[in-house]
Each structure stands twice: as structure tokens, then as C-alpha cells.
Amino acid sequence: MVNLINGRELSEKIVGKIALEVKNYDKKPGLTVIIVGEDPASKIYVNKKKKTAEKTGFNSEIIELPDNVSQQELEKYIDELNNNSAVDAILVQLPLPEHINTYEILEKIKPEKDVDGFHPVNVGRLVIGLDPYAVSCTPFGVIKLLEEYNIEIEGKNAVIIGRSNIVGKPMASLLLNKNATVTVCHSRTKNLAEVCSRADILISAVGRPKFVKAEWVKQGATVIDVGTNRTEEGKLVGDVDFEEVSKKAAYITPVPGGVGPMTIAMLLANTLELFKLHNK
Ligand code: NAP
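Residues numbered from 1 in each chain as written. Predicted model: local features only at pLDDT ≥ 70, side-chain atom pairs only at ≥ 80, totals over all residues. Heavy atoms only, no water.

*Asks:* Quick question: what am I supposed to make of the site of the ligand here?
*Replies:* Taken together, 20 residues form the shell around the ligand, and within it Arg163, Ser164, Ser187, Thr228 and Thr263 come nearest. A distance of 2.6 Å is found between an oxygen atom of the ligand and a side-chain nitrogen or oxygen belonging to threonine 228. Between an oxygen atom of the ligand and a side-chain N or O atom of threonine 263, the distance comes to 2.7 Å. In the complex, the protein chains occlude 70% of the 930 Å² of accessible area that the ligand would expose alone. (Near = heavy atom within 4 Å. Polar contact = N/O pair within 3.5 Å; in protein donor to acceptor, adjacent residues only side chain to side chain. Areas by Shrake-Rupley, 256 points an atom, 1.4 Å probe, with all protein chains shown as cover.)

*Asks:* Sorry, what's going on with the pattern of salt bridges here?
*Replies:* In a structure, side chains of opposite charge can pair up when their charged atoms sit close to one another. Inspection of the entire model under this criterion finds 11 salt bridges. As a salt-bridge pair, lysine 43 and glutamate 64 come within 3.1 Å of each other at their nearest N and O atoms. With a gap of 21 residues between them, lysine 43 in helix 2 (residues 40–55) and glutamate 64 in strand 3 (residues 59–65) connect regions that are remote in the sequence. Note on lysine 43: relative accessible area 22%, which makes it partly exposed. (Salt bridge = Lys/Arg side-chain N within 4 Å of Asp/Glu carboxyl O. Helix = DSSP H or I, 4+ residues; strand = E, 2+ residues; numbered from the N terminus. Buried < 20%, exposed > 50% of the residue type's maximum accessible area, 1.4 Å probe, protein only.)

*Asks:* Please explain the sheet that holds strand 8 (residues 222–225) as it appears in this structure.
*Replies:* The pairing of strands in a sheet comes from backbone hydrogen bonds and takes either a parallel or an antiparallel form. Pairing is parallel across the open sheet formed by six strands, whose spatial order is 1-11-8-7-5-6. Each having just a single partner strand, strand 1 (3–4) and strand 6 (181–185) make up the two edges of the open sheet. Relative to strand 6, strand 5 (residues 157–161) is paired through five bridges, and the arrangement is parallel. Residue pairing for strand 6: valine 159 is matched across the bridge by threonine 183. (Pairing = 2+ DSSP bridges.)

*Asks:* Mind showing me how you'd approach the sheet that holds strand 2 (residues 30–36) here?
*Replies:* Across the sheet, which stays open at both edges, the three strands sit in the order 3-2-4 with parallel pairing between neighbours. Each end of this open sheet is capped by a strand with a single partner; those strands are strand 3 and strand 4 (89–92). Sheet twist, expressed as the average angle between the axes of neighbouring strands with direction ignored, equals 15°. Note that strand 2 and strand 4 share four bridges and pair parallel. The residue bridging threonine 32 from the neighbouring strand is isoleucine 90, located in strand 4. (Axes fitted to C-alpha atoms, helices over the stretch in contact; angles between N-to-C directions.)

Printed below as a string of C-alpha cells:
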């Protein structure tokens, strides 16, 4: 029988704990999110982040900028936030419009305020096994789920499908730092099914419904579905053929209710850590 990994439950537990801790402080942790343009999905995400942050006792602000904002103007906003002592954490919602150099924007954020852990300093610290100021929220959330369900990582074969800077690469570093044997797959990987079938822990971050098939999954594996896809009917589904894979996996995350809620919980956890860093 497959065990469901309940991300909603764990995220509520984490957020509840953070809210209790925040009550003890005179100051409130400050999270500012910058959003550029009118992408409806990004707006929904950003508003959800703000709502949860405020419910948890944080100060949260959204800075909405038009699609045609220049690189220079955007960098000026970031400079101001870097110098504002009420702001502990800065998040720039991605993707940014094409005329903006995303790497330069992420590099502009002070590493000590980089709540997404995307600054090269934080990425580098993660890779060399030094504590970053913050770790990319989604892969960090996956590690918390594995730990909550006592799923052993050390010495296990972990296969990640997807090599993005947001999910796949930081996921690989986190698992490697926890002594897993890690394989990262991508669109040029040969014999993907065979590589996946060796995984004790299989993590998919591709963005295609029913991409991961039951034949790819080893009996008793843990399957983590990071993917978020909309079907033609508007239903939210992951990358994994949940029904069929559930017959073989020992543990599986559902979509929705798996990795998704953990991303916001880890955003708040990161904000709290940065707040504590600034108020030592
Ligand atoms: P991304 O930047 O588009 O990366 C997708 C990755 O999948 C790439 O590395 C790509 O390989 C790989 N890929 C594409 N087709 C493949 C194939 N046929 N075989 C093997 N690999 C293939 O996406 P992302 O930002 O990492 O996000 C991935 C998914 O996770 C999306 O559905 C996204 O919405 C979701 N997501 C969810 C959360 C959450 O909180 N739940 C957070 C972040 C992302 P190449 O590098 O070779 O192109």
C-alpha cells in the first residue's frame, strides 16, 4: 500500500510554528515581493505568498511594476530594499520579461536578503556544503517532506528529472550534501526510463502531465512530484501518472497537496531565518 506524503499538513505545522515564534518578537519579519508585468499565474502566486505571510504575523509588501520597467529602474528598487532595515527578505517573482537580465537582477539582491536562495553566493555556499543564507524554497521543502516521513536519504540512489536553477540543481546539491548518490536527468538524457528505474528516490520537475510512468518506477520507491500542470479542463496535475505509479511506489506526493504548499512554508521559514540574522 502506498503512503501519501501530505505536504499540506506539514506546511500547516511549519507555518503554525513560525506564527507562534513571531508572536514573541517586538518587530515583525519583513518580506517584500517584486512582480513585473501582468502574468495572471504569477499574480495569484504572489498574492498567496503575501496572504500567508501576513496571516503568520509578517509584514509583507508587493511592489507591482509594469512590463516595460527598465533594468536600471528595477535595480534601483532592489537597492532601496537592500538598504531598508524593515525589509528582511526580497523576492523577485520569476520569470521576468525578456528585456531584463534575470541573472543581474538576482545578483543585485543582497545575499543576506535573498529569500529564494538564487544569488550566486547562496548557490555557491549550497554547492560547497556551507550554510547558505537561504535555500531555494521548493527543493528545501522536498527535503523537509523526506525528513518528516523518515525516508532515508544517505546512500540511496536519488534521480532528479529536470536541471533548472530553481528546482533540479539545488535539489541535487541538497541530496548530495545528505550523502545520496545523485543523478540529474534532462531533455538530452538517454534511456531515461532505465535511469529512473534505479531510483530509490525519484523526483520529477519537468512540467508535463503523466510524464513519469509506472514502468519507470522501482517497486517501493519514493516518488516526489514537483510538476504543476493544468489539464485542458483546468485541473491541476503533476508530472507523475499518479494512479499507476501509486501501485508501485512506497511513498508518493499528490498534486495538489504535496510539494506545492511546502514552497510557501519554506519561503516563510527562510524569511524568519533572515529576520533573525538581521536582529542578532
Ligand atoms: P524548467 O525550467 O522548464 O525545467 C524543466 C526541466 O525538465 C529542464 O531541465 C528540461 O531539460 C527537463 N525536461 C524537459 N523535457 C524533458 C524530457 N523529455 N526528458 C527529460 N527531461 C526533460 O522548469 P522548472 O522551473 O524546474 O519547473 C518544473 C516543474 O515544476 C514545472 O511544472 C513547474 O511549474 C513546477 N514547479 C513547481 C513548484 C512548486 O512549488 N510545486 C515550484 C517550482 C516549479 P533541459 O534542461 O534539457 O531543457
